[in-house]
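Survey of secondary and tertiary structure
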Amino acid sequence: MTNFDFKLSRRAAIATLGALGATAAGTATSVFAQGTPARTSTVRIGYQKSSTLIAVLKVQGALEKQLAPLNVNVSWHEFTSGLPLLEALNLDNLDISADVADTVPVFAQAAGADLTFIAQEAPSPAAQAIVVREDSPLKTVADLKGKKVGFAKAAGAHYLLIAALEKAGLSFKDITPAYLTPADGRAAFEKGAIDAWVVWDPFLAAAQRQSNVRVLADGAGIASYQRYYLASTKFAKARPDVLRVVYAELEKTGKWVKQSPKDAAALLAPVWGLDAATIEQANARRSYAVRPVVPEGLGEQQRIADAFFAEKLLPKKIDALNVALFKPGA
């Protein structure tokens, strides 16, 4: 029995993709073979600051412990956001990607990436939002017309902005985009260099607690904000045993974070450089409900892909459902 429902054919990767990913992860090496390895190998995992469950597993050393019987070590590689993370995965500089927003795989697919969806976190629409400074004259999303808005390209925040503008009767062309990492976005926002900022947790919670901000809109009724864990299809085919371990640990950790919010916040505080109260607020808005990816659960992926293509932000129209899916129970 195969672990895959669909096969995404490899297309030529865009040559310019992955410079950042290659820098961050290019020095890692791994040796894999079918079946149980006879010698120690290394699985390369990429993550970002918002990769809560992976951050917990990294601190606790849980994956290293569970993968030891398979003679597998773990190397960790941090990225600023989801797009460079999947670029590195596409270029074979990583084996597994921690959770990225639902928008990011769409861009990777358009670049011809051969990826396998490992798991999905259930929707967390309030975990990202469009914010303005408390004293801003902007009161509604419609007021963003002609304004400069900062956000990370291809992040969930990017789609939230597109969807919110459409709901308000505007298009993406009605605003001036400023593509910024979360750290640069926060700095630009506080200096007044941008009129609004679209961002996700824990950066959103930090801004709400540390700066005078006001929410214009979150994802409720606009963008469900599901996050996906992925692997290169080559790795997924070679090491489904490793993916089963990773899936089981993610599922268990997601339950622990929701059942033990204060303990989870205390654990993550020194890792994220945020106070525990901010982390607890951010975690309360995330579902952390890890579940298998099934075809019927990918409907919003096509809507996201179509929205980006309509705004000429994707180079071509894609079939967002034509992807490889890992079955953790197979």
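Thresholds applied
Residues numbered from 1 in each chain as written. Predicted model: local features only at pLDDT ≥ 70, side-chain atom pairs only at ≥ 80, totals over all residues. Heavy atoms only, no water. Helix = DSSP H or I, 4+ residues; strand = E, 2+ residues; numbered from the N terminus. Buried < 20%, exposed > 50% of the residue type's maximum accessible area, 1.4 Å probe, protein only. Contact = heavy atoms within 4.5 Å. Polar contact = N/O pair within 3.5 Å; in protein donor to acceptor, adjacent residues only side chain to side chain. pLDDT = per-residue confidence, 0-100. Core = buried A, V, L, I, M, F, W, Y, C linked by side-chain atoms within 4.5 Å. Axes fitted to C-alpha atoms, helices over the stretch in contact; angles between N-to-C directions. Parallel < 35°, antiparallel > 145°, perpendicular 65-115°, else oblique. Nonpolar A, V, L, I, M, F, W, Y, C, P; charged D, E, K, R; others polar. Pairing = 2+ DSSP bridges. Salt bridge = Lys/Arg side-chain N within 4 Å of Asp/Glu carboxyl O.

Another aspect to go through is the environment of Ser 124. Locating Ser 124 in the fold gives a position in the loop between strand 4 (115-121) and strand 5 (128-133). Among the residues examined, Ser 124 registers a relative accessible area of 3% and is labelled buried. On a C-alpha basis, the gap between Ser 124 and Arg 286 in space is 5.0 Å, while along the polypeptide they are 162 residues apart. Excluding residues that lie within four positions of it along the chain, Ser 124 makes contacts with Ser 224, Tyr 225, Arg 285, Arg 286 and Ser 287. Engagement of the side chain of Ser 124 in a polar contact is seen with the backbone nitrogen of Ser 287, the distance being 2.8 Å.

To continue, consider the confidence of the model for the protein. This prediction gives the protein a mean pLDDT of 88; 88% of its residues lie at or above 70. Note on residues 1-37: pLDDT is under 50 here. Beyond four places in sequence and across chains, it has 94 contacts.

One finds Ile 130, Leu 144 and Leu 161 to be the most contacted residues of the largest nonpolar core, which totals 73 residues. A total of eight residues in this core trace back to one element, the largest contributor, which is helix 6 (residues 156-167). What Leu 144 contacts, discounting residues up to four positions off in sequence, is Ile 130, Leu 138, Val 149, Leu 161, Leu 165, Asp 174, Ile 175, Ala 196 and Leu 216. Ranked by size, the runner-up nonpolar core spans 41 residues in total, among them Leu 63, Ile 96, Val 245 and Leu 250.

Turning our attention to the packing of helix 2 (residues 52-60) against helix 11 (residues 261-272). Interhelical geometry of helix 2 versus helix 11 gives an angle of 90° and a closest axis separation of 10 Å. As far as their axial angle goes, helix 11 and helix 2 are roughly perpendicular. The residues of helix 11 that touch helix 2, namely those facing Thr 52, Ala 55, Val 56, Val 59 and Gln 60, are Leu 267, Leu 268, Val 271 and Trp 272. Residue classes in the contact of helix 2 with helix 11 are distributed as seven nonpolar, two polar and no charged.

As for its position among the elements, Pro 105 is in helix 5 (residues 104-110). The spacing of Pro 105 and Thr 116 is eleven residues in sequence and 10.0 Å in space, taken between C-alpha atoms. Ignoring any residue separated from it by four or fewer positions in sequence, one finds Pro 105 in contact with Leu 86, Val 100, Phe 117, Leu 230 and Gln 301.

Two quantities define a packed helix pair, namely the angle between the axes and the distance from one axis to the other. Interaxial distance between helix 2 and helix 10 (residues 240-259) falls to 9 Å at its minimum, and their mutual angle equals 100°. Considering the angle they form, helix 2 stands roughly perpendicular to helix 10. The residues of helix 10 that touch helix 2, namely those facing Leu 53, Ile 54, Val 56, Leu 57 and Gln 60, are Glu 249, Leu 250, Thr 253, Gly 254, Trp 256 and Val 257. Looking at the contact of helix 2 with helix 10 residue by residue, the classes come out as seven nonpolar, three polar and one charged.

This paragraph deals with the sheet that holds strand 8 (residues 196-200). Read from one edge to the other, the open sheet built from five strands follows the order 7-6-8-5-9, with strand pairing classed as mixed. Either end of the sheet is taken by a strand with one partner, and the two such strands are strand 7 (176-179) and strand 9 (213-218). Along the sheet, successive strands turn relative to each other by an average axial angle of 30°, direction set aside. Here strand 5 runs beside strand 8; their pairing, made up of four bridges, is antiparallel. Following the sheet pairing, Val 131 is matched in strand 8 by Trp 197. Sitting on the sheet, helix 6 is in contact with strand 5, strand 6 (148-151), strand 7, strand 8 and strand 9, with an inclination near 75° to strand 5.

In this structure the tally under the stated criterion is 14 salt bridges. Two residues, Asp 201 and Arg 285, come together in a salt bridge whose shortest N-O distance is 2.8 Å. Of this pair, Asp 201 sits in the loop between strand 8 and helix 8 (203-210) while Arg 285 sits in the loop between helix 12 (276-284) and strand 11 (290-291), and the two are 84 residues apart along the sequence. Looking at Asp 201, the relative accessible area reads 2%, which means it is buried. Among the ionic pairs, Lys 317 bridges to Asp 306, the shortest N-O distance being 3.1 Å. Separated by eleven residues along the polypeptide, Lys 317 in the loop between helix 13 (299-310) and strand 12 (324-325) and Asp 306 in helix 13 bring together distant segments of the chain.

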